[in-house]
Amino acid sequence: MSATVPTIPDVTASFQRIIFIPFDHLNVDRGALKDANPKTDLVLFVQSKRMCAGRTWHPEKLFFLISSARHFAALLEERGFTVWFLEAENTPEGIAEAQAHWGVLPIVCAEPSSRRQSAQLAELGVQFVANDFFVTPRELFHTWAKSQQTFVMENFYRAQRVRLNILVTDGAPEEGRWNFDADNRLPPPKEYTWPERLEHHRDETDNDVAATLGYRPTTTWATTREGALRQLQHFLDYHLEGFGPLEDAVTLDEWSLHHSLLSPYLNNGLITADEVVAAAVEKYQAGEAPLQSVEAFVRQIIGWREYINGMYWFLGSDYRELNGLDAKRPLLPLFGDSSTTKMNCVKQVVSHVEKRAWTHHIPRLMILSNLALITGTHPQQFLDWMRERFIDATEWVMVPNIIGMGVHADGGRLMTKPYAAGGAYINRMTQFCKGCQYDPKKRVGDDACPFTTLYWDFLDRHKDEFVKNHRMARQVHGLDRLTDLPELRVRAKEVLAGLDEGRI
Ligand SMILES: Cc1cc2nc3c(=O)[nH]c(=O)nc-3n(C[C@H](O)[C@H](O)[C@H](O)COP(=O)(O)OP(=O)(O)OC[C@H]3O[C@@H](n4cnc5c(N)ncnc54)[C@H](O)[C@@H]3O)c2cc1C
Ligand code: SF4
């Protein structure tokens, strides 16, 4: 097989099994490949035409997923495997085609990372081996979640630290502290020199995939394990030290700050959570990175990432469709085109997503999800948009992050209170407001910040349910102090109409 032109492998060997590799299981030491034998196992990849054409995927994302899979298929060939990289209408048709050619052999795959793919493959009789792309087995998480009344991530994270023996001694946290969150909320720094970003240069396979897609990719994302490891090393050398204190900041001069840019590779298997965490902890142990930052990074991986995956499986298949706040607004035009908004924060963040299919977690939460939440945007339309536009978005990670954390459509099952914020908070944590025609301090008037107006309007619209929530009651009672509530309601209607029409 050439890495870029799929053909039927020219071999007469008779195989005993077909190993099916989804595009997010790209690791020779994990899943079904861990015990595979090049002499008796045929490796099958199916590039589904439906996957490519069915939705408005960001081309950077399609490029990344396909090119990574093609590079990985070529690597397996180098290791002596017979690989069939098949383009088919969809996965079932691809598998049927493989069986027509090679005979009805047992098909083996690691447990898929999404419910839909699990159901689809199970129906085709695919045998699953455990999904070891996470450090927490699904049953273990299930047992933890069943024992909890509320699913507080911090409790899970501390148990993970002890279970995995990471930054703990005799059950006690390193330096006596489980977390440094309180110290890790610095606003954007002034006159700060950011390290250079790592560029990933394109090879022949990349260029072929890009040409097929008719797209010129950025140099932001690697498509091989070597590239992913270079990214990890770059993060360890230049960013880990500053990661913690500035992890919540958003600046105008640097879009990735000290974030690792590792999520796409963690999610498609090119690198794994345990190796990334071990590398960061090693930096701390060698005295080359402060605990404040190493703990913050470790928390993201063994805490948040594992928690989100565990909750995806724990919360059940109906969770994706929840709409607890009865939000019905169609997706705003600004999500599809950053030029249709005058709000500087939204324009900048959406244009980052347009350019490279990524922005860090605070813009995802504080700008994009917050806007969807306070405008009452339909949660599943927003979820689909995020799923299509982000390089690292897959079902397991997007569903709890959006439905639970982002837009509170789950009635508080994941997070006890909605993450709603007005312009004053955005002004404190970002540098966007200075260049904006709106005023973050104002809630009424033509130049009022839409976030500020809609934040209060959102509380007002939902005050009856939120006042019963002890974590929200203080915010809701803030409404009583607003002397301009009638004008604010009028302004909110104007803002919502303007957003719907792409005028605000
Ligand atoms: C509304 C919303 C949507 C998100 N959607 C996704 C998504 O589709 N895919 C995705 O991988 N992450 C998602 N995240 C989490 C987070 O924003 C990204 O993982 C992060 O921005 C990726 O960049 P990074 O690798 O530089 O992360 P860093 O800031 O360097 O963090 C290190 C790693 O921690 C993990 N992590 C941190 N927070 C989370 C989290 N909440 N859920 C899962 N993993 C986490 C990621 O693997 C990330 O690579 C979302 C967060 C929010 C608030
Ligand atoms: S003033 Fe409001 S809309 Fe403008 S950048 Fe600030 S928060 Fe965003």
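Analysis parameters
- Sequence order as written defines the numbering, with residues in each chain counted from 1.
- The lettering of chains begins at A and the numbering of ligands begins at 1, in the order of writing.
- Selection of residues for local features in this predicted model requires a pLDDT of at least 70, selection of side-chain atom pairs for listing and counting requires 80 or more, and totals for whole chains, interfaces and linings are taken over all residues.
- Only heavy atoms go into the side-chain values, all of them from the structure, while hydrogens and water stay out.
- For the purposes of this entry, the term helix denotes a DSSP run of H or I that reaches at least four residues, the term strand denotes a run of E that reaches at least two, and both are numbered from the N terminus.
- The definition of a polar contact used here is a pair of N or O atoms within 3.5 Å, where within protein one atom must be able to donate a hydrogen and the other to accept one, and adjacent residues in sequence count solely through side-chain atom pairs.
- Any residue with a heavy atom positioned within 4 Å of a molecule or strand is treated as near that molecule or strand.
- Throughout, the Shrake-Rupley method with a 1.4 Å probe supplies accessible areas, and for residues the shown protein chains are the sole cover considered.
- Residue classes follow a fixed rule: Ala, Val, Leu, Ile, Met, Phe, Trp, Tyr, Cys and Pro count as nonpolar, while Asp, Glu, Lys and Arg count as charged, and any other residue, Gly among them, counts as polar.
- Here a cavity denotes grid points, spaced 1 Å and computed from the protein atoms alone, that fit a 1.4 Å probe unable to get out, and a pocket denotes an open set having protein on both sides within 12 Å along at least 5 of 7 lines; residues with an atom within 4 Å of a point are the lining.
- The way we define it, a molecule is inside a pocket or cavity when more than half of its atoms are within 2 Å of that pocket's grid points.
- Relative accessibility decides the category of a residue: with a 1.4 Å probe and only protein chains considered, values under 20% of the type maximum give buried, values over 50% give exposed, and everything between is partly exposed.
- When DSSP finds two or more bridges between two strands, those strands count as paired.
- When the strands point away from the viewer, a crossover counts as right-handed if the path from the first strand over the helix to the second runs clockwise.
- Grid points are joined across faces, edges and corners, and a volume is the space filled by probe spheres set on the points.
- Geometry of aromatic contacts follows a simple scheme: Phe, Tyr and Trp rings, the Trp one being its six-membered ring, pair when their centres are within 6.5 Å, and the pair is stacked under 30 degrees between planes, edge-to-face over 60, tilted otherwise.
- Any helix carries an expected span of 1.5 Å times its number of residues minus one.
- Picture the helix axis, draw a direction to every C-beta atom, and the arc is the one those directions span.
- The contact rule is simple, with two residues in contact once any of their heavy atoms fall within 4.5 Å.

Participant: How would you explain the side chain of R30 if you had to name every residue and give the values?
Facilitator: Residue position: R30 is located in the loop between β1 (17–20) and β2 (41–48). In terms of polar contacts, R30 uses its side chain to reach the side chain of D274, at 2.9 Å.

Participant: Run through the site of ligand 1, naming residues and quoting values.
Facilitator: Taken together, 28 residues sit near ligand 1, with H259, S260, L261, N267 and D392 positioned nearest. A distance of 2.7 Å is found between an oxygen atom of ligand 1 and a backbone nitrogen or oxygen belonging to L261. At 3.0 Å from an oxygen atom of ligand 1 is found a main-chain nitrogen or oxygen belonging to L262. Protein contact buries 98% of the 800 Å² of open area that ligand 1 shows by itself. Those elements that provide at least two residues to the shell around ligand 1 are α9 (263–268), α11 (291–314), α14 (361–374) and α16 (395–406). No other element matches α11, which puts 6 residues into the shell around ligand 1. Its residues assigned to classes, the shell around ligand 1 comprises 16 nonpolar, 9 polar and 3 charged.

Participant: Describe the site of ligand 2, with residues and values.
Facilitator: Every residue lining ligand 2 is accounted for by M343, C345, G423, I426, F432, C433, C436, Y438, P440 and C449. Because more than half of its atoms lie within 2 Å of the grid, ligand 2 is assigned to the largest cavity. Partitioned by chemical class, the residues of the shell around ligand 2 number 9 nonpolar, 1 polar and no charged.

Participant: Tell me about the pairing of strand β4 (residues 107–110), residues and numbers included.
Facilitator: The alternating pattern of β4 places I107 and C109 on one face and V108 and A110 on the opposite face, and all of these are buried. As defined by bridge partners, β1 adjoins β4 across 2 bridges and the pair is classed as parallel. Paired with I18 across the two strands is I107, which belongs to β4. Traced from β4 through helix α4 (residues 115–123) to strand β5 (residues 127–129), the parallel crossover comes out right-handed.

Participant: Can you tell me about empty space enclosed by the protein, naming the residues and giving the values?
Facilitator: Within this structure, the stated rule accounts for 6 cavities of 30 Å³ or more. By volume, the largest cavity amounts to about 100 Å³. Lining the largest cavity are 14 residues, with C345, C433, C436, C449 and F451 positioned closest to its centre. Looking at the lining of the largest cavity, the elements with two or more residues in it are α13 (344–356), α17 (423–429) and α18 (450–461).

Participant: I'd love a proper account of the packing of aromatic side chains, names of residues and values included.
Facilitator: Going through the model one piece at a time under the given rule, you end up with 27 aromatic pairs. A ring pair is formed by W144 and Y307, whose centres lie 6.4 Å apart and whose planes are at 70°; its orientation type is edge-to-face. Of this pair, W144 sits in helix α5 (residues 138–146) while Y307 is found in helix α11, placing the two residues 163 residues apart along the sequence. Chaining the aromatic ring pairs together yields one cluster made of F141, W144, F156, W304 and Y307.

Participant: Describe the environment of G31, and please don't skip the residues or the numbers.
Facilitator: Examined against the element boundaries, G31 turns out to sit in the loop between β1 and β2. On a C-alpha basis, the gap between G31 and D132 in space is 6.0 Å, while along the polypeptide they are 101 residues apart.

Participant: Got a sec to walk through helix α21 (residues 485–500)? Specific residues and values, please.
Facilitator: Look at α21: 22 Å from first C-alpha to last across 16 residues, which is about the 22 Å you get at 1.5 Å a residue. The set of residues buried in α21 consists of L485, L488, R491, A492, V495, L496, G498 and L499. Each buried residue of α21 lies within a common arc of 160° when the element is viewed along its axis, so the set occupies one face. Exposed positions of α21 whose direction lies more than 90 degrees from the buried face are P486 and K493.

Participant: Break down the environment of T377 for me, with residues and values.
Facilitator: With respect to the element layout, T377 can be found in the loop between α14 and α15 (379–389). Since its relative accessible area comes to 2%, T377 is described here as buried. Spatially, the C-alpha atom of T377 lies 6.0 Å from that of P330, the residues being 47 residues apart in sequence. Ignoring anything within four residues of it in the chain, the contact list for T377 reads A327, R329, P330, L331, L332, A372 and F382.

Participant: Quick rundown of the layout of surface pockets? Include the residues and the values.
Facilitator: Each pocket or cavity is described by its volume, and for the second largest pocket that value is around 970 Å³. M51, W57, S114, R116 and R387 are the residues nearest the centre of the second largest pocket, which is lined by 41 residues in total. Of all the secondary structure elements, the ones that give two or more residues to the lining of the second largest pocket are β2, α1 (49–53), α2 (59–78), α4, α9 and α16. Considering only residue class, the lining of the second largest pocket consists of 17 nonpolar, 13 polar and 11 charged.

Participant: Account for the pairing of β2, naming residues and giving values.
Facilitator: Along β2, 8 of the 8 residues are buried, which leaves the element largely enclosed by surrounding structure. Neither face of β2 is left uncovered, since the one carrying D41, V43, F45 and Q47 and the one carrying L42, L44, V46 and S48 both have all their residues buried. Across 4 bridges, the pairing between β1 and β2 is parallel. Within the sheet, the bridge partner assigned to I19 lies in β2 and is V43. Two strands pair when backbone bridges link them, and β2 and strand β3 (residues 82–88) are joined in this way by 7 bridges, in the parallel orientation.

Participant: Can you lay out unusual backbone geometry for me, pointing to particular residues and giving the numbers?
Facilitator: One non-glycine residue with positive phi stands out, namely N165, at about 55°. Topologically, N165 is positioned in the loop between α6 (153–164) and β6 (168–169). Even without being glycine, L167 reaches a positive phi, approximately 55°. Residue L167 is classed as buried on the basis of its relative accessible area, which comes to 5%.

In short, the description is geometric, and any link to function would need to be established separately.
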